[in-house]
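# Summary of structural features
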Amino acid sequence: MNVLHLDSSILGDASASRDLAADFTAHLTGQTLAAKGTPAEQRSPAQRQEAVLPETVMQEFLAADVVVVGAPMYNFSVPSQLKAWIDPIAVAGVTFRYSEKGPEGLAKGKRVIIVSTAGGKHSGTPTSVAHEGYLKLVFGFLGITDIEVVRAEGLAYGPEAREAGFSAARQDIGSLALAA
């Protein structure tokens, strides 16, 4: 199984989404993998590059069976780093196409796990549309139907709420990884 793990948080070791996405990837593969979003000074020797070329981003995405996306909510949406990764993979004729019947996703057969984190509580509210909803829309447009969300929210509501958010997410991680 080929896993692509994306971290889009700018918070480094203080990132909740990075921590939970690493937990999911570790559960799934037994090792932590990372892609473009890892700051250069934190990359393993195998990951060190000055920049990841769009062709490489596309190759990594197309080769992946499972894509684990660490997606913190920043200002009610996804981080700009994650959006910058999405643009090179959403390519007409490669990951989707238009026909007389409308758009068709060409990146079928992949599994996407969105590891969503937020300081507030947004699931099921209109504010989640530009965050989790956006990611589901993009991956669905690319033809991916196996999309699941691991969610830790309320992380800024104090230590007890933070621990409860992490605990719920880690329980989901264990269940989803076992189902793989």
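Preceding block: the structure.
By convention here, each chain's residues receive numbers from 1 onward along its written sequence. With pLDDT at 70 or above as the cut-off, local features in this predicted model cover only qualifying residues; side-chain atom pairs require 80 or more to be listed or tallied, and sums for whole chains, interfaces and linings still use all residues. With hydrogens and water excluded, all non-hydrogen atoms of the structure serve as input to the side-chain values.

### Concerning the overall build of the protein
Helix numbering and strand numbering both begin at the N terminus, where a helix is a DSSP run of H or I of at least 4 residues and a strand a DSSP run of E of at least 2. The number of helices and strands found in the protein is five helices and six strands. When its helices and strands are written in sequence order, the protein yields β-α-α-β-α-β-β-β-α-β-α. We call two residues contacting when some pair of their heavy atoms lies within 4.5 Å. Across the protein, the fraction of contacts at a sequence separation of at least 24, relative to all contacts at a separation of at least 6, is 75%. The Shrake-Rupley method, run with a 1.4 Å probe sphere, supplies the accessible areas, and residue values consider only the shown protein chains as cover. Accessible area for the protein stands at about 9,100 Å²; split by element, carbon and sulfur atoms hold 54% of it.

### Some points on the side chain of His122
Tracing the backbone through its elements, the reader meets His122 in the loop between strand 5 (111–117) and helix 4 (129–141). The term polar contact refers here to a pair of N or O atoms within 3.5 Å; inside protein, the definition further demands a hydrogen-donor-capable atom paired with an acceptor-capable atom, and it admits residues adjacent in sequence only when both atoms are side-chain atoms. A distance of 2.9 Å separates a polar atom in the side chain of His122 from a polar atom in the side chain of Thr127. Look past the residues within four positions of His122 in its chain and what remains in contact with it is Met73, Phe76, Thr127, Ser128 and Glu153.

### Focus on the sheet that holds strand 2 (residues 66–72)
Spatial ordering of the open sheet is given by 1-2-5-6, a layout of four strands whose pairing is parallel. The open sheet has two edge strands, strand 1 (3–7) and strand 6 (146–152), and neither has a second partner. Here the strands of the sheet are splayed against their neighbours by 15° on average, with no regard to which way each runs. For two strands to be treated as a pair, DSSP must find no fewer than two bridges joining them. All axes here are fitted lines through C-alpha atoms, helices being fitted over the stretch that makes contact, and every angle between N-to-C directions spans 0 to 180 degrees.

### Side note on helix 3 (residues 80–89)
Buried means the residue's accessible area, taken with a 1.4 Å probe over protein chains only, is under 20% of the maximum for its type, while exposed means over 50%, and partly exposed covers the values in between. Those residues of helix 3 that fall on the buried side of the exposure criterion are Leu82, Trp85, Ile86 and Ile89. The arc that holds the buried residues of helix 3, viewed along the axis, is 100°, so those residues lie on one side. The inward-facing, buried residues of helix 3 abut strand 1, helix 2 (54–63), strand 2 and helix 4. Each direction from the helix axis to a C-beta atom contributes to the arc, which is the arc of those directions.

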